[in-house]
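Results of the structural survey
Listed below are the residues making up each chain.
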Amino acid sequence: MLKLSLTPGEYLTIDGNIVVQVYRSENGRAYLAIDAPREVPIVRGAVLEREGGARPQRLVKVPQKGHQSDLPI
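Residues numbered from 1 in each chain as written. Predicted model: local features only at pLDDT ≥ 70, side-chain atom pairs only at ≥ 80, totals over all residues. Heavy atoms only, no water.

Regarding the overall build of the protein chain
- A count of helices and strands for the protein chain gives one helix and three strands.
- Along the protein chain, helices and strands appear, N-terminal first, in the series β-β-β-α.
- Within the protein chain, buried positions represent 4% of all 73 residues.
- Taking the contacts inside the protein chain whose residues are at least 6 apart along the sequence as the reference set, 10% of them involve residues at least 24 apart.
- Accessible surface, the protein chain: about 7,100 Å² in total, of which carbon and sulfur atoms supply 51%. (Helix = DSSP H or I, 4+ residues; strand = E, 2+ residues; numbered from the N terminus. Buried < 20%, exposed > 50% of the residue type's maximum accessible area, 1.4 Å probe, protein only. Contact = heavy atoms within 4.5 Å. Areas by Shrake-Rupley, 256 points an atom, 1.4 Å probe, with all protein chains shown as cover.)

Here it is, written out as structure tokens:
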């Protein structure tokens, strides 16, 4: 898994046809703009899980306030 730190205005590309850009970050929230072909489904995790989908096992564990992440940066 690739783990990145991006600042507002920075972006990444996936497979050359999907662009994910951080357009704002405040109060611990990152706001993303995603541009992808219509045939690529984009579903918020909470919606996926609410509709019975499984939470991906490969997600990074988010450290709680005051704790360090187990992943090297």
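Here's the deal with the environment of Ile 18
- With respect to the helices, strands and loops of the structure, Ile 18 is situated in strand β2 (residues 18-26).
- We classify Ile 18 as buried; its relative accessible area is 15%.
- As a C-alpha pair, Ile 18 and Ile 34 span 16 residues in sequence and 7.3 Å in three-dimensional space.

Here's the deal with the layout of surface pockets
- Considered as a void within the structure, the largest pocket measures approximately 2,200 Å³ in volume.
- In terms of lining, the largest pocket is formed by 33 residues, of which the most central are Met 1, Leu 2, Val 20, Leu 32 and Leu 59.
- Elements with a contribution of two residues or more to the lining of the largest pocket: β1 (11-14), β2, β3 (29-35) and α1 (45-50).
- For the lining of the largest pocket, the leading source of residues is β3, giving five residues.
- A breakdown of the residues in the lining of the largest pocket according to their chemical character gives 21 nonpolar, five polar and seven charged. (1 Å grid on protein atoms, 1.4 Å probe; cavity = no way out; pocket = protein on both sides within 12 Å on 5 of 7 lines; lining within 4 Å. Points joined across faces, edges and corners; volume = space filled by probe spheres on them. Nonpolar A, V, L, I, M, F, W, Y, C, P; charged D, E, K, R; others polar.)

Some words on the pattern of salt bridges
- Scanning the entire structure with this criterion turns up two salt bridges.
- Residue Arg 55 is joined to Glu 49 by a salt bridge in which the shortest nitrogen-to-oxygen separation is 3.0 Å.
- Its relative accessible area of 55% is what places Arg 55 among the exposed residues. (Salt bridge = Lys/Arg side-chain N within 4 Å of Asp/Glu carboxyl O.)

Here we look at a nonpolar patch on the surface
- A surface patch of nonpolar side chains, about 300 Å² in accessible area, is lined by Leu 2, Leu 4 and Leu 6.
- Among the secondary structure elements, Leu 2 is positioned in the segment before β1. (Patch = residues over 30% accessible without salt bridge, like charges linked within 9 Å, V, L, I, M, F, W, Y side chains within 5 Å.)

Some points on the pairing of β2
- The pairing of β1 with β2 spans four bridges and is antiparallel. For Leu 12, the partnering residue across the bridge sits in β2 and is Val 20.
- Connecting β1 to the next strand, β2, in antiparallel fashion are three residues, including Asp 15 with a positive phi near 60 degrees.
- Pairing analysis gives seven bridges linking β2 to β3, with the strands arranged antiparallel. Paired with Ser 25 across the two strands is Ala 30, which belongs to β3.
- Counting the residues between successive antiparallel strands, the hairpin from β2 to β3 contains two residues, one of them, Asn 27, with a positive phi of roughly 50 degrees. (Pairing = 2+ DSSP bridges.)

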